[in-house]
Amino acid sequence: MTVLPDDGLSLAAEFPDATHEQWQRLVEGVLRKSGKEVSGEAAEDALSTTLEDGLTTRPLYTAPETAADTGFPGFAPFVRGGRAEGNAAEGWDVRQRHLGSDPVRVNEAVLTDLENGVTSLWLTLGRDGIPFDGLARALEGVYLDLAPVSLDAGAEYADAARALLALYAEREVAPEAARGCLGADPLGHEARTGEALGLDDAVELARTAAAGYPGIRALAVDALPYHEAGGSAAEELGLSLATGVAYLRALTGAGLGTEAALGQLEFRYAATADQFLTIAKLRAARRLWARVAEACGAPEAGAQRQHAVTSPVMMTRRDPWVNMLRTTVACMAAGVGGADSVTVLTFDHELGLPDAFARRIARNTSTILLEESHLARVIDPAGGSYYVERLTDELAHAAWEFFQTVEKAGGLAAALRSGLVAERLAATWAERSKKLAKRREPITGVSEFPLLAEKPVVREPAPAGPVGGLPRVRRDEAYETLRARSDAHLAATGARPRIFLAALGPAAAHTARATFASNLFQAGGIEAVHDPVSVDPSTAAAAYAASGADGMAVLCSSDALYEEQAAAVSEALRAAGATTVFLAGRPGTAAPAADEYVFAGCDAVAVLSSVLDRMGVPREQ
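Residues numbered from 1 in each chain as written. Predicted model: local features only at pLDDT ≥ 70, side-chain atom pairs only at ≥ 80, totals over all residues. Heavy atoms only, no water.

## Points about the UniProt feature "domain: Methylmalonyl-CoA mutase alpha/beta chain catalytic" (unreviewed entry) in the chain
In this structure's numbering, the residues bearing the UniProt feature "domain: Methylmalonyl-CoA mutase alpha/beta chain catalytic" (unreviewed entry) are residues 53-123 and 135-450. Taken end to end, residues 135-450 is 54% helix and 10% strand, and its first and last C-alpha atoms sit 42 Å apart. (UniProt positions renumbered as here; feature names shortened; annotations may be inferred. Helix = DSSP H or I, 4+ residues; strand = E, 2+ residues; numbered from the N terminus.)

## Topic: helix H12 (residues 323-337)
The end-to-end C-alpha distance of H12, which contains 15 residues, comes to 20 Å, matching closely the 21 Å that a straight helix rising 1.5 Å per residue would cover. Against strand S8 (265-271), helix H11 (275-295), strand S9 (306-310), strand S10 (341-343) and helix H13 (356-372) lie the buried residues of H12. Two residues or fewer past H12, glycine 338 is found with a positive phi of approximately 95°. (Expected span 1.5 Å × (residues − 1). Contact = heavy atoms within 4.5 Å.)

## Things to note about the packing of aromatic side chains
Applying the stated criterion across every chain, the model contains nine aromatic pairs. Ring plane angle 75° and centroid distance 6.2 Å describe the contact between phenylalanine 500 and tyrosine 544, whose orientation is recorded as edge-to-face. Of the two residues, phenylalanine 500 sits in strand S11 (residues 498-503) while tyrosine 544 sits in helix H19 (residues 540-547), which places them 44 residues apart along the sequence. Overall, the relative accessible area of 0% leaves phenylalanine 500 in the buried class. Three or more aromatic residues joined by ring pairs form one cluster here, namely Tyr61, Phe276 and Tyr387. Arginine 97 extends its terminal NZ or CZ atom over the ring of tryptophan 122, reaching a point 4.3 Å from the ring centre. (Phe/Tyr/Trp six-rings, centres within 6.5 Å; stacked < 30°, edge-to-face > 60°. Buried < 20%, exposed > 50% of the residue type's maximum accessible area, 1.4 Å probe, protein only. Lys NZ or Arg CZ within 6 Å of the ring centre and 35° of its normal.)

## What about the pairing of S11?
Most of S11 sits out of view: five of its six residues are buried. Pairing between S11 and strand S12 (residues 527-529): three bridges, direction parallel. Each bridged residue has a counterpart across the sheet, and for arginine 498 the counterpart in S12 is glutamate 527. In this fold, the crossover linking S11 to S12 by way of helix H18 (residues 507-522) has right-handed handedness. Pairing geometry for S11 and strand S13 (residues 552-556), over four bridges, is parallel. The residue bridging phenylalanine 500 from the neighbouring strand is alanine 553, located in S13. (Pairing = 2+ DSSP bridges. Right-handed = clockwise from strand over helix to strand, strands pointing away.)

## Focus: the pattern of salt bridges
Using the criterion set out here, one finds 44 salt bridges in the structure. Between arginine 283 and glutamate 389 there is a salt bridge, with its nearest N and O atoms 3.0 Å apart. You can see arginine 283 sitting in helix H11 and its partner glutamate 389 sitting in helix H14 (residues 386-408), a full 106 residues away along the chain. Of the two residues examined, arginine 283 and glutamate 389, each falls in the buried class. Of the charged contacts in the structure, one is a salt bridge between lysine 434 and glutamate 431, with a shortest N-O distance of 3.2 Å. Taken together, the positions of lysine 434 and glutamate 431, both in helix H16 (residues 420-437) and three residues apart, correspond to about one turn of that helix. Overlapping salt bridges bring together Arg192, Glu228, Glu350, Arg472 and Arg474 as one network. (Salt bridge = Lys/Arg side-chain N within 4 Å of Asp/Glu carboxyl O.)

## Some details on the packing of helix H17 (residues 477-493) against helix H21 (residues 604-614)
In the contact formed by H17 and H21, the axes pass within 10 Å of each other and the chain directions differ by 15°. If you check the angle between H17 and H21, you find them roughly parallel. For H17 against H21, the interelement crossing comes out left-handed. The residues of H21 that touch H17, namely those facing Ala478, Tyr479, Leu482 and Arg485, are Ala604, Val605, Leu608, Ser609, Leu612 and Asp613. The residue makeup of the contact of H17 with H21, split by class, is seven nonpolar, one polar and two charged. (Axes fitted to C-alpha atoms, helices over the stretch in contact; angles between N-to-C directions. Parallel < 35°, antiparallel > 145°, perpendicular 65-115°, else oblique. Left-handed = near helix turned anticlockwise from the far one by under 90°. Nonpolar A, V, L, I, M, F, W, Y, C, P; charged D, E, K, R; others polar.)

## With respect to empty space enclosed by the protein
Scanning the model with the defined rule gives two cavities of 30 Å³ or more in all. Considering the residues around the largest cavity, the lining is formed by 19 residues, among which Gly86, Asn87, Gly335, Gly338 and Asp380 are closest to the centre. When grouped by side-chain class, the residues that make up the lining of the largest cavity number seven nonpolar, seven polar and five charged. In this structure, the second largest cavity spans a volume of roughly 40 Å³. Lining the second largest cavity are Met324, Thr327, Thr328, Val344, Leu345, Thr346, Phe347, Ile361, Ala362 and Thr365. If you list the elements that add at least two residues to the lining of the second largest cavity, you get H12 and H13. Of the residues in the lining of the second largest cavity, the class split is six nonpolar, four polar and no charged. (1 Å grid on protein atoms, 1.4 Å probe; cavity = no way out; pocket = protein on both sides within 12 Å on 5 of 7 lines; lining within 4 Å. Points joined across faces, edges and corners; volume = space filled by probe spheres on them.)

## A few points about the sheet that holds S8
Pairing within the closed barrel is parallel, and its eight strands lie in the order S3-S4-S5-S6-S7-S8-S9-S10. Ignoring strand direction, the axes of neighbouring strands in this sheet form an average angle of 30°. Where strand S7 (residues 216-222) and S8 come together, four bridges link them in parallel fashion. Its bridge partner being in S8, valine 221 is matched across the sheet by phenylalanine 267. Across the sheet, helix H3 (residues 103-115) is in contact with strand S3 (93-98) and strand S4 (120-124); its angle to S3 comes to roughly 165°.

Structure follows, in structure tokens:
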């Protein structure tokens, strides 16, 4: 028995330590009760979850399963943070994004943000944002020696950078006081647009920043194009490494020292509502970049500067209010993962330009986590978690393997132009799309618990972003297509397509499957009419006729009641005009009663699309 110090908290110290094998035997017993005869590691495997990138989440993690020593915060390999103090001193940098093109309106939003908790700005300049000659007006009243500015100007990054540096000079901001990122990212631009750019301007900006602006980084390594194209966490990391290495080669080849070149890069990653994967991704990113710096002969200069952005892919257009919850979890994960700067996208990001309320909620998300939840008071709060440490290690290995694949293909530019990157990301998204279609990855408010009667949130259109390169995907896109068909039908006819829920027996028998069926069909914009609460063979026909259903009905009840009533109720529904009768249950249940089946794990998108077709609801042109 282990002897613990006498600290007054003996707790379970008098009990012998349990072994992993003992725990497995208990798992076996639980699984046996559910009808699964498995033993040993197979029992543990039955409770495991397979993730993207070949990773597996185990049900139990112990100290022997953790990765190698992760070091200390502020020291190589920087897994635990790029700075010894982490975010404990001041919290993470709260960076608000501004997409507008009107300098006056942007200035109003910028000043409001800075007065209410935002600590840095992320501005879009050029053809998709603020005109270069409007930058001074957009930043009027901003103390540029206090508020860091990061730029995003696509192919026009050099002109945007020169405009900002000129503004610093005009307002007599000391070069050592200027902070931010000039946003040069030629490879990121090529990924988004397919337009190849040279690196000469980016190298020149890096020279300028390294020589006279110690607080400014010239280049952004933006991994968002790969995340937004459907890439996995490991693919996002691997491609960011490939980008960073390409920029390092260009900078050092032009005469910059390795440490100076490393200091010119800022990395941008997506933070999702999968909190543990986000935490592990940011920790793995620092470890991987430290390995690159070590290989370049500058291990102590390998602290990666990270900017985390809440994922656009996870944002929904329907029930956008739920995005507030998603971005809160993502922001928390980014902070716990050690991001230096965090941008919380507004909940209406996918609908257009945000209003004042949306910007307020976005900036206050970080404020609550920092000031009320005290999330930054602990340095590397995830450190020591067996699960997080193991996930970080496995993710780092998967990302490094993909990075090597890209390097073997000739580097990122060659991999983009050959189609390697697009094909890999498309394959990953295709697999994830299957999970979304089957609702194995639920989307609250869209594929689960949709609200058809909700009033749409309307926003002023945002400036069009760059196109032509990798696609931009959204988790809700398949369901959004279905809902758009329903909206068009409503506008044309005054009613949504309807299906009748024929619930058999008492509520205890049918509620679970009726709720399932209602959620399923409403996810496709099909109104599920559940009135009356219950039907039988004598009342089903009249109830169906009164429902206004478009030729469709679904039986909902227990297996026992299906055997007793389903065939007769189905016959009555068909006599009343139902052309298709679904049954909520696995195929084969009450077989004579059903034309088709809906069940947990069915391809919801395929079912709903087929139903709308048969109801005569036109597809989008």
